[in-house]
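Residue-level listing of the chains:
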Amino acid sequence: MRAVLAQEMGGRRVLGRVWGGWWRGPGLCAAPKTADFGTEGRHHLQPRGPSKRSGPLEEQPFRGLLRPENLSREELVDVLRAAVVDQKGKPGELTLLSVLPELSQGLGLGGQELQLVHASGKETSGLVLLSTCPQTASRLQKFFIHSRRSQRPTATYCAVTDGIPATSEGKIQAALKLEHTDGVDLVVPVKSPSRKDILEGVKRTLSHFRVVATGSGCALVQLQPLTAFPSQLQVHMVLELCPVLGDHTYSARVGTVLGQRFLLPAASTKTQRQVLDEALLRRLHLSPSQATRLPLHLHLHRLHLPGARPRDAPLELLAPLPPYFSRTLQCLGLGQQ
């Protein structure tokens, strides 16, 4: 996750590291708009300390994957503090939110409290927006709400999917609801929701998608959610019969018979680890047991934000792909066309 800290609209801090199994990211860019997943921009994340030559792909299947359960609070704060790549302005469960006070102190912010402004799902890599200024946080949150209401995308994700969408680009629309099953909240599609369903929490959701590259039966896909709902993008890609690689929650809803994919009923399909065919495992240089630990390949790559002042140009923040994500693209021959 990349964390962007805003003290005021004219002063920001950016944290950058690529992490897995948790929120993850790196650096700030104010770059011209582009359609690809490049990382060119004003600021670049540079590795700290001596660089090491990477070993064979088989030896480093999930390079760059950081698990907070293996860290102490102090170590996690040190990682976050070391991940600051740009700084302007004044200086129970182990999660980003739980260590914000220590992070604030480690960044020399004194008694200023860090607030979470924008973040994607827990297992999704990419950008995370933090602020020490309540007015800035409020303004940004209102910006995101207004953008959703006017159906203007502010976030761009990239995903690797197991399967290739039937069309190169389009919209995915679905009514979704949360169901508590076996002690876990799962997202379930609802066909033809009634007014009562909407009142009881069913939400109509919408995402744009565009296929950027294909190879080895997989695709690199650009996703732009126009609504906000838990696991929206994962469920939308399942509805396209192309689950996100590393989706160990919803991918089991896609069945295959004689090479033909079909959608299984969500209500009767139990959650299980994603099962990949042997050919794909060989391309990824993974054993079946390693595949059960494959990280979710869904990355919040770009955020569009308003300028510091009304007359200022909009800002664009970019988070480079995590190393394990880039490795997967290399293994599958998914060049960023």
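A few points on the structure. (Residues numbered from 1 in each chain as written. Predicted model: local features only at pLDDT ≥ 70, side-chain atom pairs only at ≥ 80, totals over all residues. Heavy atoms only, no water.)

The next point concerns the overall build of the protein. Within the protein, the regular secondary structure consists of eight helices and 14 strands. Burial analysis of the protein (337 residues in total) assigns 50% to the buried set. For the protein, the accessible area works out to roughly 16600 Å², and carbon and sulfur atoms hold 51% of it. (Helix = DSSP H or I, 4+ residues; strand = E, 2+ residues; numbered from the N terminus. Buried < 20%, exposed > 50% of the residue type's maximum accessible area, 1.4 Å probe, protein only. Areas by Shrake-Rupley, 256 points an atom, 1.4 Å probe, with all protein chains shown as cover.)

With that out of the way, let us pick up the environment of E169. Assignment of secondary structure puts E169 in strand β7 (residues 169-181). Once residues lying within four places of it in the same chain are set aside, the contact partners of E169 are F209 and R210. (Contact = heavy atoms within 4.5 Å.)

Summarising the sheet, β7 and strand β9 (residues 203-215) pair through eight bridges and their orientation is antiparallel. Looking across to β9, one finds that I172 is bridged to S207. Sheet topology places β9 next to strand β10 (residues 218-225); eight bridges connect them, and they run antiparallel. Counterpart to T214 in the pairing with β10 is A219. (Pairing = 2+ DSSP bridges.)

Turning our attention to the pairing of β7. Pairing between β7 and strand β8 (residues 184-190): seven bridges, direction antiparallel. Note that in β8 the partner of H180 across the bridge is D185.

Turning our eyes to something else, we now look at unusual backbone geometry. The phi angle at S231 is positive, at roughly 55°, despite the residue not being glycine. Tracing the chain through its elements places S231 in the loop between β10 and α5 (232-239). One non-glycine residue, H285, adopts positive backbone phi at about 55°. As for its placement among the helices and strands, H285 is situated in the loop between α6 (278-284) and α7 (288-291). Judged by relative accessible area, H285 falls into the partly exposed class, the value being 32%.

What follows covers the nonpolar core. In terms of nonpolar packing, the biggest core is built from 28 residues, with L129, F144, Y157, L223, L298 and L305 touching the most fellow members. Secondary-structure elements contributing two or more residues to this core are β5 (125-131), α3 (134-149), β6 (155-162), β9, β10, α5, β13 (298-305) and β14 (315-318). Once residues lying within four places of it in the same chain are set aside, the contact partners of F144 are V117, H118, L129, T154, L303, H304 and L305. Residues V212, A291, C331 and L334 belong to the second largest nonpolar core, which totals 22 residues. (Core = buried A, V, L, I, M, F, W, Y, C linked by side-chain atoms within 4.5 Å.)

Across its 16 residues, α3 extends 23 Å between first and last C-alpha, which sits within 8% of the 22 Å expected from 1.5 Å per residue. Looking only at α3, the buried set comprises T136, A137, L140, F143, F144 and S147. Within α3, the buried residues cover an arc of 125° as seen down the axis, which keeps them to one side. Across from the buried face of α3, at angles greater than 90 degrees, the exposed residues are Q135, K142 and R149. Phi turns positive one or two residues past the end of α3, at Q151, with a value near 55°. (Expected span 1.5 Å × (residues − 1). Arc of directions from axis to C-beta.)

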